[in-house]
Amino acid sequence: MSEHSPRLDRPQEAGPVLSVRGLSARIAGQQVVHDVSFDVAATGVTALLGRNGVGKTSTLKAVMGLIERSGEVVLDGARVDAERTERIVCRGVGYVPEDREVFAGLTVAENLRLAERVGDHGTSPARKRLVADLFPDLTQRAQQRAGTLSGGQQQMVSLARALLNENRILLVDEPTKGLAPRIVSEVADALAAAARTVPILLVEQNLQVIDRLADRVVVIDAGRVVHTGPARELLDDQAMIQRFLGVHAENEPAHGEPVPGAAAHGKGAHDQVREAATIAEGGE
Amino acid sequence: MSTLILLLVTGVGLGGLYFLVASGLSLIYGLMGVLNFAHGSFLTLGAFAGLAAAGAVGAGTWGGLLLGLLVGALTGAAAAALTELGLIRPLYNRHIEQVLVTVGLSLATVALFEGIWGPNPRNITGNAWLSDTTELLGARIPNTAFLNILAAALVLGGIVAFLRYTRYGLIIRAGVENRSMVTALGIDVRKAFTLVFAVGGAAAGLGGVLAAQSLNYVSPHMGASLLIFAFIVTVIGGMGSLTGAAVASVVVAVLQQLANSYLNNSGDLIVVLLLALVLLVRPSGLMGRTA
Ligand SMILES: Nc1ncnc2c1ncn2[C@@H]1O[C@H](COP(=O)(O)OP(=O)(O)O)[C@@H](O)[C@H]1O
Ligand SMILES: [Mg+2]
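Definitions and limits used
Residues numbered from 1 in each chain as written. Chains lettered and ligands numbered in written order. Predicted model: local features only at pLDDT ≥ 70, side-chain atom pairs only at ≥ 80, totals over all residues. Heavy atoms only, no water. Salt bridge = Lys/Arg side-chain N within 4 Å of Asp/Glu carboxyl O. Helix = DSSP H or I, 4+ residues; strand = E, 2+ residues; numbered from the N terminus. Buried < 20%, exposed > 50% of the residue type's maximum accessible area, 1.4 Å probe, protein only. Core = buried A, V, L, I, M, F, W, Y, C linked by side-chain atoms within 4.5 Å. Contact = heavy atoms within 4.5 Å. Axes fitted to C-alpha atoms, helices over the stretch in contact; angles between N-to-C directions. Parallel < 35°, antiparallel > 145°, perpendicular 65-115°, else oblique. Left-handed = near helix turned anticlockwise from the far one by under 90°. Nonpolar A, V, L, I, M, F, W, Y, C, P; charged D, E, K, R; others polar. 1 Å grid on protein atoms, 1.4 Å probe; cavity = no way out; pocket = protein on both sides within 12 Å on 5 of 7 lines; lining within 4 Å. Points joined across faces, edges and corners; volume = space filled by probe spheres on them.

Residue and element names in this part refer to chain A. Scanning the entire structure with this criterion turns up 18 salt bridges over all chains. With a shortest N-O distance of 2.5 Å, Arg 168 and Asp 76 are connected by a salt bridge. Here Arg 168, found in the loop between α7 (151-163) and β7 (169-173), pairs with Asp 76, found in the loop between β4 (68-75) and β5 (78-79); they are 92 residues apart in sequence, far enough to count as distant. On the basis of relative accessibility, which here comes to 15%, the residue Arg 168 falls in the buried class. In this structure, Arg 212 and Asp 189 form a salt bridge, with 2.7 Å as the shortest nitrogen-oxygen distance. Of this pair, Arg 212 sits in helix α9 (residues 207-213) while Asp 189 sits in helix α8 (residues 181-195), and the two are 23 residues apart along the sequence. In this structure Arg 212 comes out as partly exposed when scored by relative accessible area, which is 32%. Linked through salt bridges whose partners overlap, the residues forming this network are Glu 72, Arg 79 and Asp 81.

The structure is reproduced here in structure tokens:
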């Protein structure tokens, strides 16, 4: 069925950690992902971008086997597209879903305990220390019900659940959605720290966060991949941002501070994003 | 006064029997979204197997009773686990088909039981103490009521401890909330399905042996008649809520006893009215999650 221990057969850093080929997916009989293909490199952050409702979440769910899908999903050289979700996860895929999906009735400690896995890509003492260092708040609130946490704290729980394990890749879906600017930069800090240890496929709307974290981008529109390339190339091109993401870098709603000045000053979107990111983090 | 005490205690005892059936129904529905119509068959099978085992070492003896309870529980657990593995699992996530299969199984098994043991109730040789009564505040309470209350309390405590302190209990609690996220943490939730069926089947099988002691007979239909009230209890308590099932079991059974005694045998009618009232005022049940 699939090759075992593929990592030993492959030179390090060579191929992508995750390859998606001709992936289609349907929800309730309706096709929402159309023949999507892209790679996630073995290091750094690959951002999966696109307007609301274009199929980013569905693409991640299809990779995870959470919705009906067809096409090839290759993880570490092994086909996993016929496998059940829990098998895929145990191969080292950490999933941080949209809207956190913490178990509200369980305590923080129980949420984390549930996420601990055994085996090759399972929980390790080093990972537990990393989580404790990144999210000291969670240790303090161990006995609190996750449903009573703030959105930001719930996001920390959701991230921690994925970071507890020696994953080969993380799939992270809109981790800053609906969070206050200060919390957005805390989440971005945690993701930046995580990205030093594991490659990440990140769905994100906040351009400042994309600018800070993303190395490469894959853009989806109407369930199809419409652009792939270095993150910089997209962020420096106001017209491309407008076309693919439907936002002006300078007036991103809900996230962060609005950027003063704008294209009128002749700056590239990238510089504006830089400024905005500085403003957001300067508030700390 | 003594009549009221008698009705209250026997009501709670009957509630204990309801809870032994409803606890499994509630757990299974909470985790899997399946109404298990075959649950009554686990009870009936447990009753017949338990009484056969009791008869083998001496019907009416304490040893026979204890062995009967044990065998009844194990039989219920085995039947339920086999049902889950053989019929429910192949229909993973197809809830309507799963429910239909349990309906079919319940009809087929009742026919099977009738074929094996005959359609009529069979009297059993009860334990002498259980056939007796104990005086409590002037009321003469059948001893089976105390046994039912004790058994239901132990099962409730056992299930609560299991849910709270074991890894599988954690998985089940999480799965009741959000099953797909449990799989997305790398956990094979299907094992929890089998386990929940087995635990529910064990409680039902135990309930079968106890019901036979209370009724003084076994019959291929005893599961089906208890199941109706267990369903009502589960709905009133809030589908998927174990505490809700426990509270509703007692409320329904006590109300039923009181109405039967004071209101012209209208117990069943009152229970159905209560069900309608709860559904109107609180559609998610007493302790159900509002969603
Ligand atoms: N549970 C669902 N039922 C029906 N349609 C859905 C469901 N979830 C998503 N969709 C549809 O699938 C498409 C893609 O959604 P999604 O993957 O959530 O987009 P994105 O994450 O890019 O915002 C949208 O058109 C959305 O309406
Ligand atoms: Mg989405």
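Right, let's get into the nonpolar core. Ranked by size, the top nonpolar core spans 143 residues in total, and within it Leu 18, Leu 114, Phe 135, Leu 171 and Ile 200 of chain A carry the most contacts. Take this core: its biggest share by element is 12 residues, from helix α8 (residues 189-215) of chain B. Each residue touching Leu 18 of chain A, except ones within four places of it in the same chain, is listed here: Phe 38, Asp 39, Val 40, Val 63, Val 73, Val 74, Leu 75, Ile 169 and Leu 171 of chain A. Judged by nonpolar contacts, the second largest core, of 14 residues, contains Leu 49, Val 219, Phe 244 and Leu 245 of chain A.

Moving on, we get to the packing of helix α1 (residues 2-32) of chain B against helix α10 (residues 242-262) of chain B. All names here are of chain B. At their nearest, the axes of α1 and α10 sit 7 Å apart, and the two run at 140° to each other. Here α1 is positioned oblique relative to α10, judged by the angle of their axes. Seen along the crossing, α1 lies across α10 with a hand that is right-handed. Residue classes in the contact of α1 with α10 are distributed as 18 nonpolar, 10 polar and no charged.

In this approach the atoms are scanned with a rolling probe the size of a water molecule, which exposes any empty space left behind. Within the structure shown, the criterion is met by four cavities of 30 Å³ or more. Estimates place the volume of the second largest cavity at around 50 Å³. For the second largest cavity, the full set of lining residues is Val 89, Val 93, Gly 94, Tyr 95, Ala 115, Arg 117, Arg 161, Ala 162, Asn 165 and Asn 167 of chain A together with Ala 184 and Leu 185 of chain B. Those elements that place two or more of their residues in the lining of the second largest cavity are β6 (93-96) and α7 of chain A. Broken down by element, the lining of the second largest cavity gets its largest block of residues, three residues, from β6 of chain A. Here the residues of the lining of the second largest cavity sort into seven nonpolar, three polar and two charged.

Residue and element names in this part refer to chain A. For Leu 134, the location among the structural elements is in helix α5 (residues 125-134). Note on Leu 134: relative accessible area 24%, which makes it partly exposed. Residues Leu 134 and Gly 15 lie 119 residues apart in sequence; the distance between their C-alpha atoms is 30 Å. Sequence-distant contacts of Leu 134, defined by excluding residues within four places in its chain, comprise Leu 163, Ala 190 and Ala 193.

Coordinates in, geometry out; function isn't part of it.
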